[in-house]
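Structural overview
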Amino acid sequence: MAEYEKKVREIIAQYGCSFVRHGKGDHDIYYSPMTKRNFTVDSNHTANAIMKQSGIDWHF
């Protein structure tokens, strides 16, 4: 995920997802207006898993 992290953050921002807070370690919590839920962005999840959690139909 490290090589996709910047791209993932750019894409979720384009879809209106907003930063909520920093979590433990390298976890950042974002809010998705599509799913109306919070989701985690970190280097341990795959880019596709993060996109799925955010409700964005995007595949790397």
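Everything in this summary refers to the structure shown in the same document. (Residues numbered from 1 in each chain as written. Predicted model: local features only at pLDDT ≥ 70, side-chain atom pairs only at ≥ 80, totals over all residues. Heavy atoms only, no water.)

If you look at the biggest cluster of nonpolar residues, it comprises eleven residues: V8, I11, I12, C17, Y30, F39, V41, A47, I50, M51 and I56. Among the secondary structure elements, those contributing two or more residues to this core are α1 (5–14), β3 (37–41) and α2 (47–54). Beyond its immediate sequence surroundings of up to four residues, Y30 is in contact with R9, I12, S18, F19, V20, R37, N38, F39 and V41. (Core = buried A, V, L, I, M, F, W, Y, C linked by side-chain atoms within 4.5 Å. Buried < 20%, exposed > 50% of the residue type's maximum accessible area, 1.4 Å probe, protein only. Helix = DSSP H or I, 4+ residues; strand = E, 2+ residues; numbered from the N terminus. Contact = heavy atoms within 4.5 Å.)

Inspection of the sheet shows strand β1 (residues 18–22) paired to strand β2 (residues 28–32) by four bridges, in the antiparallel sense. Of the residues in β2, the one forming a bridge with R21 is I29. (Pairing = 2+ DSSP bridges.)

As a packed pair, α1 and α2 sit with axes 11 Å apart at the nearest point and diverge in direction by 15°. In terms of axis orientation, α1 runs roughly parallel to α2. α1 and α2 meet at a crossing whose hand is right-handed. From α1, V8, I11 and I12 reach across to α2, where they touch A47, I50, M51 and S54. Broken down by class, the residue content of the contact of α1 with α2 amounts to six nonpolar, one polar and no charged. (Axes fitted to C-alpha atoms, helices over the stretch in contact; angles between N-to-C directions. Parallel < 35°, antiparallel > 145°, perpendicular 65-115°, else oblique. Left-handed = near helix turned anticlockwise from the far one by under 90°. Nonpolar A, V, L, I, M, F, W, Y, C, P; charged D, E, K, R; others polar.)

All right, on to the packing of aromatic side chains then. Applying the stated criterion to the full structure yields four aromatic pairs. Judged by centre distance (5.6 Å) and plane angle (80°), the ring pair of F19 and Y30 falls under edge-to-face. Of this pair, F19 sits in strand β1 while Y30 sits in strand β2; the two residues are eleven residues apart in sequence, bridging distant segments of the chain. Looking at F19, the relative accessible area reads 41%, which means it is partly exposed. Take Y30: its relative accessible area is 10%, and that puts it in the buried class. Linked through ring pairs, Y4, W58 and F60 together constitute an aromatic cluster. (Phe/Tyr/Trp six-rings, centres within 6.5 Å; stacked < 30°, edge-to-face > 60°.)

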